[in-house]
Amino acid sequence: MNSDSKFIAFTYFVLRAILRPIIKTIWIKKTTGIQHIPTKGPAIIAFNHQSFFDFLCFSVVAPRNVHFLSAEKFFYHKLWKHLMKFTGQIKVERHVHDKSDVHESVRKHLAKGMLVGIFPEGTRSPHEHEMLKAFTGVGKFTLEHRVPVIPVGIKGTYAVLSNGTPKLQYNKVVEIHVGEPLHFSDHHGKHTDKQICQLVTEKVMKKIEVLSGKTYPHYELNHDEQ
């Protein structure tokens, strides 16, 4: 099913209509920077990742549909698979070495002016206050497709539904902070340069670090010299 179909647009609308008042009333107590999300045109939105709840929290506050790169297990899970399909999420077969299908899907989404959501860490961090080392896909995508990256910091979802939390916790507070778009026009077209992709990825993670309040202890490059 195409992510830009009227059916998916409708189901996303219904998702927000039903879940937004519930999630915002119970958990999301602060949201800043939503105005940084462009009203139209393609962009990549990059988040820290601590919980299954991250996807739902941002989806209900976002002014536009976001199509996340999502692990294949969600597309086969009895509770998540319909949500993945009906909101047009992008399946990532994590154990398949050839990711050309994922790259092509991202290209098509961005070419159609959509928002693509990425968790650069690749999976949920098991640490409440520290992020995992990011993959450089976010750097490759922004340089190859010449689109901005919008960094987002999510706070509080670890306490709501983390790896070690068997069920939703209701007496917790979630905050979502959206940063200004990051533009890397000086490096456009350099997506095959591993060091440039690493540089761009680390700049994105540095912004997410500030917005999320989570530590990112995995820098490999001296950014003062770049």
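What comes next concerns the included structure. (Residues numbered from 1 in each chain as written. Predicted model: local features only at pLDDT ≥ 70, side-chain atom pairs only at ≥ 80, totals over all residues. Heavy atoms only, no water.)

### Brief notes about the overall build of the chain
Part 1 of the reasoning: Helices and strands together make up the secondary structure of the chain, namely eight helices and seven strands.
Part 2 of the reasoning: Expressed as a percentage of the 226 residues in the chain, the buried residues total 49%.
Part 3 of the reasoning: Put simply, of all contacts in the chain between residues at least 6 apart along the chain, 72% involve residues at least 24 apart.
Part 4 of the reasoning: A total accessible area of about 11,500 Å² is found for the chain, and carbon and sulfur atoms account for 54% of it.
Part 5 of the reasoning: Charged side chains of the chain number 31 positive and 20 negative; the gap between the two group centres comes to 10 Å. (Helix = DSSP H or I, 4+ residues; strand = E, 2+ residues; numbered from the N terminus. Buried < 20%, exposed > 50% of the residue type's maximum accessible area, 1.4 Å probe, protein only. Contact = heavy atoms within 4.5 Å. Areas by Shrake-Rupley, 256 points an atom, 1.4 Å probe, with all protein chains shown as cover. Lys, Arg positive; Asp, Glu negative; His and termini not counted. Charge placed at Lys NZ, Arg CZ, Asp CG, Glu CD.)

### Remarks on the packing of aromatic side chains
Part 1 of the reasoning: Tallied over the full model, the rule gives ten aromatic pairs.
Part 2 of the reasoning: Considering the side-chain rings of Phe-52 and Phe-74, the 5.3 Å spacing of their centres and the 90 degrees angle between planes classify their relative orientation as edge-to-face. Separated by 22 residues along the polypeptide, Phe-52 in the loop between strand E2 (43-47) and helix H2 (53-61) and Phe-74 in helix H3 (residues 72-76) bring together distant segments of the chain.
Part 3 of the reasoning: Seen in terms of ring centroids, Phe-68 and Phe-119 are 5.6 Å apart; in terms of plane orientation they differ by 20 degrees. Their pairing is stacked. In this pair, Phe-68 sits in strand E3 (residues 66-71) while Phe-119 sits in the loop between strand E5 (115-118) and helix H6 (137-145), placing the two residues 51 residues apart along the sequence.
Part 4 of the reasoning: By relative accessible area, which is 1% here, Phe-68 ends up buried.
Part 5 of the reasoning: A residue is classified by how much of its surface remains accessible, and Phe-119, at 13% relative accessible area, is buried.
Part 6 of the reasoning: Here the aromatic residues Phe-47, Phe-55, Phe-58, Phe-68 and Phe-119 are joined through ring pairs into a cluster of three or more. (Phe/Tyr/Trp six-rings, centres within 6.5 Å; stacked < 30°, edge-to-face > 60°.)

### Let's talk about the environment of Phe-135
Part 1 of the reasoning: Following the sequence through the fold, Phe-135 ends up in the loop between E5 and H6.
Part 2 of the reasoning: The sequence separation of Phe-135 and Thr-201 amounts to 66 residues, and the corresponding C-alpha distance is 7.8 Å.
Part 3 of the reasoning: Residues within four places of Phe-135 in sequence aside, it is in contact with Pro-120, Glu-121, Gly-122 and Thr-201.

### Thoughts on the pairing of strand E7 (residues 174-178)
Part 1 of the reasoning: In terms of burial, E7 is largely enclosed, as four of its five residues are buried.
Part 2 of the reasoning: Note that strand E1 (residues 28-32) and E7 share four bridges and pair parallel. Along E7, the bridge assignment pairs Ile-28 with Val-174.
Part 3 of the reasoning: Here strand E6 (residues 149-155) runs beside E7; their pairing, made up of four bridges, is antiparallel. (Pairing = 2+ DSSP bridges.)

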